[in-house]
Amino acid sequence: GLAYGAKLIVARVLDENGVGGSADVARGIRWGFKRGAEVINLSLEFRRSVNSCEDVPNVCEAINRAHAKGAVIVGAAGNGGLSGAPEVEYPGRAPNVFATGATTARGCLADYSNFGEGLDIVAPGGGADSFKAGPQCRPLASARGIVQLTLTKTASGRFTSFDYPHYEGTSMASAHVAGAAALVWAAHREQLGRAPTPQEVEARLAFTRREGGLADPRLYGAGLIDVAAATAP
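Residues numbered from 1 in each chain as written. Predicted model: local features only at pLDDT ≥ 70, side-chain atom pairs only at ≥ 80, totals over all residues. Heavy atoms only, no water.

Asker: Could you clarify how one ought to interpret the side chain of Asn114 in this entry?
Answerer: Mapping Asn114 onto the fold places it in the loop between β3 (98–103) and β4 (121–124). At 3.2 Å, the side chain of Asn114 forms a polar contact with the backbone nitrogen of Gly81. Here the side chain of Asn114 touches Glu87 through a polar contact of 2.8 Å, landing on its backbone oxygen. What Asn114 contacts, discounting residues up to four positions off in sequence, is Arg48, Ala77, Gly78, Asn79, Gly80, Gly81, Ala85, Pro86, Glu87, Val88, Glu89 and Gly101. (Helix = DSSP H or I, 4+ residues; strand = E, 2+ residues; numbered from the N terminus. Polar contact = N/O pair within 3.5 Å; in protein donor to acceptor, adjacent residues only side chain to side chain. Contact = heavy atoms within 4.5 Å.)

Written as structure tokens, this is what we have:
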């Protein structure tokens, strides 16, 4: 919906309950970059006990290899804010991953979004404003989610039809940044006459972010993505 004309390479690494192992995630990353993915989105998070790449070496190795071959890796920061555990989670916190927190319709940090060390940028994720988000925000005001095209599943286990429910989470924010990265990648290729490096794409996204009241880098990283500015000549 954001990166018009982009080709999607879909790798399913989690089951119907959103559960999967690190081996599945690593295989999905390898499968994607072997098929030429310039941007890889990781809208998932490991359990809180994963504190370093030593806990998921296969995933970090796959990320590093894909990044070295030119792929931009975008990851969700995680949704532990409401539980009082707001640290950026893996694989979003891993080296060579562009970790993404979530903002609301008012451009404020979402109450569920993780933040702090390792947060690179924020993007729309829906939901309510955090009480930590700043004076421009309204934590008790009504909150909208992100409209997502979703295949509806009934209680019988059958998939019936597509629907447009509202979701909220850093997974939605990460998908926004992945789409933005794809547009920046294409714009840079046209401007430079070559494929941009992941570092060039990430730097462009961070440098052209929207500022406004998003002054605290612990909460917002570089700031809120501004796709129009990031793709401008």
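Asker: For this particular structure, what's the right way to read the side chain of Ser174?
Answerer: Looking at the element boundaries, Ser174 is found in helix α3 (residues 170–192). The class for Ser174 is buried, based on a relative accessible area of 0%. If near-sequence neighbours (up to four positions away) are discounted, Ser174 is found in contact with Asn41, Leu42, Ser43, Val74, Gly75, Ala76 and Thr100. (Buried < 20%, exposed > 50% of the residue type's maximum accessible area, 1.4 Å probe, protein only.)

Asker: How should the state of the cysteines be read in this particular structure?
Answerer: Two cysteines whose sulfur atoms are joined by a covalent bond form what is called a disulfide. Under the definition given, this model contains 2 disulfides. In this model Cys53 forms its disulfide with Cys60; the gap between the sulfur atoms is 2.1 Å. Taking the torsion about the S-S bond as the criterion, the Cys53 to Cys60 disulfide, at about -80°, is left-handed. The side chain of Cys108 participates in a disulfide bridge whose partner is Cys137; the two sulfur atoms lie 1.9 Å from each other. Between Cys108 and Cys137 the disulfide shows an S-S torsion of about -100°. By sign, it is left-handed. With a gap of 29 residues between them, Cys108 in the loop between β3 and β4 and Cys137 in the loop between β4 and β5 (146–147) connect regions that are remote in the sequence. Cys108 gets classed as buried once you look at its relative accessible area, which sits at 0%. With relative accessibility at 10%, the residue Cys137 sits in the buried group. (Disulfide = S-S within 2.5 Å.)

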